[in-house]
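Next come the chains, spelled out residue by residue.
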Amino acid sequence: MATRRLAGLPLFSEFPPVSIRALALALAASTLAISAASAADVYTPDTTEVAVVNNADLIIELGAGISTQPAYEGANDYIVSGFPIVALQYLSIPGLFNIGSPDERQGGLRIGPSFRFVDKRNAADYPELLGTLPLDDSYQIGLRAGYEFPVYETLNVEVYGAARYAFNEGEGFVGDAGFDLISRPRPDLEFKLGPRTSFADSDYMDTYFAVKPIEALGSFGGLRAYDTSGGFKSVGVAASARYEFRPDWFLNANAAWDRLVGDAADSPIAQVGSKDQFFAGLGLSRRFSFDLF
């Protein structure tokens, strides 16, 4: 029987044996290459890489939380209030400067806003302050600057300082300074711990820690007249933790202890209240990345 051809091509049986083996090897190699390429395409980014968008010029973190803090400067009672979370992780102005880093582990210069709220103070709410004049809410707004540098694979150190202007009631300048040990054992976890100190000018100290003669008289001996001056206000330690529970979303927790020192500690306000001041808070935040240029 004659062998038929299809469209001018020989039947499979007409290829030489060596050509068949070569073709089989080539097909096998192609199959392996395609499988490897497909496997390489299946990629689950970790949480830090999701947030660091290619060519991002601005990375910020925004959120809010609730905290417990002393009811007033030197208080033994506590209140619950809200607080904002605003952090600048990275800003790049091409040809001019960079602040921070797209990868937090690399550290660098950090600059961002600094806030604090001090609740109103009224002797009607706190019997130990009998005779003192009422104080309205006070707000503090300013800047925080720090420099973070790596010292070990999962350990960084940040040295920082913050300066704020207080207005509405307790007018004056206040600030904080300290350093933090920062551990990031996993891409989604961050821990901070370190000492800190705070300071205030004479106007601010006078508002919250001085006792005017008329106030001493109105306290019926409970408070003595007292003058203050500016300087260090407290020393203490602060700790925080942050967990990225889903890409770019964070749970934040913080706690701090401050011990009043100097004129603040010697004030009759602190004597009838407490020199130990505790803070704790929980918050939720989200990281945003922008390609500006």
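Reference entry: report on the structure contained in this document. (Residues numbered from 1 in each chain as written. Predicted model: local features only at pLDDT ≥ 70, side-chain atom pairs only at ≥ 80, totals over all residues. Heavy atoms only, no water.)

Observations concerning the packing of aromatic side chains
Consideration 1: All told, the structure shown has 6 aromatic pairs when counted by the stated rule.
Consideration 2: Ring geometry for Tyr72 versus Tyr126: centroids 5.1 Å apart, planes at 65 degrees, classification edge-to-face. Remark: Tyr126 occurs in the loop between β4 (108–118) and β5 (138–152) and Tyr72 occurs in the loop between β1 (58–70) and β2 (78–93); sequence separation between them is 54 residues.
Consideration 3: A cation over an aromatic ring shows up here: Arg196 above the ring of Phe279, its NZ or CZ 5.9 Å from the ring centre.
Consideration 4: Over the ring of Phe250 we find Arg242; its NZ or CZ atom is 4.2 Å from the centre of that ring. (Phe/Tyr/Trp six-rings, centres within 6.5 Å; stacked < 30°, edge-to-face > 60°. Helix = DSSP H or I, 4+ residues; strand = E, 2+ residues; numbered from the N terminus. Lys NZ or Arg CZ within 6 Å of the ring centre and 35° of its normal.)

Focus on the sheet that holds strand β6 (residues 155–167)
The pairing of strands in a sheet happens through backbone hydrogen bonds and is either parallel or antiparallel.
Consideration 1: With antiparallel pairing, 11 strands are arranged side by side in an open sheet as β3-β2-β1-β11-β10-β9-β8-β7-β6-β5-β4. The sheet terminates laterally at β3 (97–100) and β4, the two strands that pair on one side only. Ignoring strand direction, the axes of neighbouring strands in this sheet form an average angle of 25 degrees. (Pairing = 2+ DSSP bridges. Axes fitted to C-alpha atoms, helices over the stretch in contact; angles between N-to-C directions.)

A look at the pattern of salt bridges
Consideration 1: This model, assessed by the stated rule, comprises 17 salt bridges.
Consideration 2: For the salt bridge of Arg110 with Glu148, the shortest nitrogen-to-oxygen distance reads 3.5 Å. Of this pair, Arg110 sits in strand β4 while Glu148 sits in strand β5; the two residues are 38 residues apart in sequence, bridging distant segments of the chain.
Consideration 3: A salt bridge links Arg184 to Glu148, with the nearest nitrogen and oxygen atoms 2.9 Å apart. In this pair, Arg184 sits in the loop between β7 (172–183) and β8 (189–200) while Glu148 sits in strand β5, placing the two residues 36 residues apart along the sequence.
Consideration 4: Overlapping salt bridges, with partners in common, bring together Glu61, Glu104, Arg110, Glu148, Arg184, Glu190, Arg242, Glu244, Asp248 and Arg287 in one network. (Salt bridge = Lys/Arg side-chain N within 4 Å of Asp/Glu carboxyl O.)

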